[in-house]
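Topology and contacts: notes
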Amino acid sequence: SQVEDIETEINKPEVSLYGFTTEFAFFSVVSPGQSVWDGVFSTVEQFNKARYLILVPIRDLYKIVETTNSTQNKKILFLQHTDRCGSTLVTAMFKRLPDMQVFSVPESLYSAYYLYHVHCAVSLDQYKNMVRAAVSIHCLTPHKMVFFKLNSVACTSQMNMLYDLFPHSRTVFLSRNSTDVISSMTRIIGTHSQSCRLLGWSRDSLVNDGVWATEKHNIPRDIAGILLHNWTACMEALDAAKMPVKAFTYEALVADPKEFAEDILRFFDLPDKHVGDMVKAMEMDSQEGTKVSRSNLKPVKSA
């Protein structure tokens, strides 16, 4: 769809940045009153609820980013993580905080990753401009605080870049031991093939998520090997972080959710008066209604 006043259009709450091509940024437009940020995974909501897309020449988008200065007075928080580590639960906790806009795995940053690392279609400077634009456009929200849960592995590669672009941001890293991550992922892939197809999980997608760390031909061929490679790449990115990153574990989260919530709020320099409400997020399945909910991932009974 074409619009005359691009800046006015993309500021509407029903319009959200979805991704990039080499020449355009494209926005998902849902019905007025709907939100794509309330669900578990923003990408799915943007796709399923979209009425149509708006294509904006990327140069025009960059001009808007320069004039709006949307990130200046925002508290920007990033959650980096390994897979199957409780990141969706932590995201649900932050959705309970007032004046906090939560973006759960936004496609925009992942789209930029693919253009640079997988398709090799843009330069490093173009890639950085896309990442800057993605965060800046998401920060057009009236909320004072924005929380990004990023795609595991692929967007972990953006950790230092995000700090360079937004030095006032803060980053936490959530992990789980590699044995349990690989066990959980291989169980899902091995016994819930339909869910994996709908989620876009495949050997190729797992490899593409890790090509920033290792050339494709050197990545293991078996699924367990790929998962271990990607887990290791995430942990090495944490070690290579150029800024202070607070590292948490899934094991600490489930052992003492209250202490976990207090620690993460303290690192983000946020008050702890809503800790009790955050902990209540554990009373329900944070992925309910998705293909990876507890009910959908019950062991498949053999015939």
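Here we summarise the structure given alongside this text. (Residues numbered from 1 in each chain as written. Predicted model: local features only at pLDDT ≥ 70, side-chain atom pairs only at ≥ 80, totals over all residues. Heavy atoms only, no water.)

Let us now look at the sheet that holds strand E7 (residues 170-175). Consider a sheet: its strands pair through backbone hydrogen bonds, and that pairing is either parallel or antiparallel. Ordered in space as E5-E6-E4-E7-E8, the five strands form an open sheet in which the pairing is parallel. Two strands close off the open sheet at either side, each with one partner strand: strand E5 (100-104) and strand E8 (245-249). Sheet twist, expressed as the average angle between the axes of neighbouring strands with direction ignored, equals 20 degrees. When strand E4 (residues 75-81) meets strand E6 (residues 145-149), the two strands line up parallel, connected through five bridges. Along E6, the bridge assignment pairs Ile 76 with Val 146. (Pairing = 2+ DSSP bridges. Helix = DSSP H or I, 4+ residues; strand = E, 2+ residues; numbered from the N terminus. Axes fitted to C-alpha atoms, helices over the stretch in contact; angles between N-to-C directions.)

Moving on to the layout of surface pockets. In this model, the second largest pocket occupies a volume close to 440 Å³. At the level of secondary structure, the elements contributing two or more residues to the lining of the second largest pocket comprise strand E1 (15-20), E5 and helix H6 (124-138). Considering each element in turn, the lining of the second largest pocket owes the most residues, four residues, to E5. Its residues assigned to classes, the lining of the second largest pocket shows 12 nonpolar, nine polar and four charged. (1 Å grid on protein atoms, 1.4 Å probe; cavity = no way out; pocket = protein on both sides within 12 Å on 5 of 7 lines; lining within 4 Å. Points joined across faces, edges and corners; volume = space filled by probe spheres on them. Nonpolar A, V, L, I, M, F, W, Y, C, P; charged D, E, K, R; others polar.)

Quick look at the packing of helix H5 (residues 107-118) against H6 now. Across the interface, H5 lies against H6 with an axial gap of 9 Å and an inter-helix angle of 175 degrees. Viewed along their axes, H5 and H6 adopt a mutual orientation that is roughly antiparallel. Counted together, Ser 108, Leu 109, Ala 112, Tyr 113, Leu 115, Tyr 116 and His 117 of H5 and Leu 124, Tyr 127, Met 130, Val 131, Ala 134, Val 135 and His 138 of H6 form the full contact between these two elements. Broken down by class, the residue content of the contact of H5 with H6 amounts to 11 nonpolar, three polar and no charged. (Parallel < 35°, antiparallel > 145°, perpendicular 65-115°, else oblique. Contact = heavy atoms within 4.5 Å.)

Attention now goes to helix H11 (residues 223-239). Compared with an ideal rise of 1.5 Å per residue, which puts 17 residues at 24 Å, H11 spans 25 Å between its outermost C-alpha atoms and is within 8% of the ideal. Among the residues making up H11, those that are buried are Gly 225, Ile 226, Leu 227, His 229, Asn 230, Trp 231, Ala 233, Cys 234, Met 235, Ala 237 and Leu 238. (Expected span 1.5 Å × (residues − 1). Buried < 20%, exposed > 50% of the residue type's maximum accessible area, 1.4 Å probe, protein only.)

So, on to unusual backbone geometry. Here the phi dihedral of Arg 84 falls at roughly 50 degrees; this positive angle occurs in a residue that is not glycine. Residue classification places Arg 84 among the partly exposed residues on the basis of a relative accessible area of 23%. Unlike most non-glycine residues, Cys 120 shows phi in positive territory, near 50 degrees. In this fold, Cys 120 is placed in the loop between H5 and H6.

It is worth spelling out empty space enclosed by the protein at this point. With a probe scaled to a water molecule rolled over the atoms, the places where space remains empty come into view. Applying the stated criterion across every chain, the model contains one cavity of 30 Å³ or more. Approximately 50 Å³ is the volume found for the largest cavity. Forming the walls of the largest cavity are Thr 82, Asp 83, Ser 152, Val 153, Val 181, Met 185, Leu 227, Asn 230, Trp 231 and Cys 234. The set of elements that each furnish at least two residues to the lining of the largest cavity consists of helix H8 (178-191) and H11. The biggest single contributor to the lining of the largest cavity is H11, with four residues. The residue makeup of the lining of the largest cavity, split by class, is six nonpolar, three polar and one charged.

Another point: the environment of Thr 43. Within the secondary structure, Thr 43 sits in helix H2 (residues 42-48). Setting aside chain neighbours within four positions, we find Thr 43 in contact with Tyr 18, Ser 104, Val 105, Pro 106 and Glu 107.

Residues Phe 20, Phe 27, Leu 61, Ile 76, Val 131, Val 135 and Phe 148 are the most contacted members of the largest nonpolar core, which totals 62 residues. With residues near it in sequence (within four places) discarded, Ile 76 still touches Thr 71, Val 135, Cys 139, Val 146, Phe 148, Phe 166, His 168, Ser 169 and Arg 170. By size, the runner-up hydrophobic cluster in this structure holds 26 residues, among which are Phe 94, Met 100, Met 145 and Leu 265. (Core = buried A, V, L, I, M, F, W, Y, C linked by side-chain atoms within 4.5 Å.)

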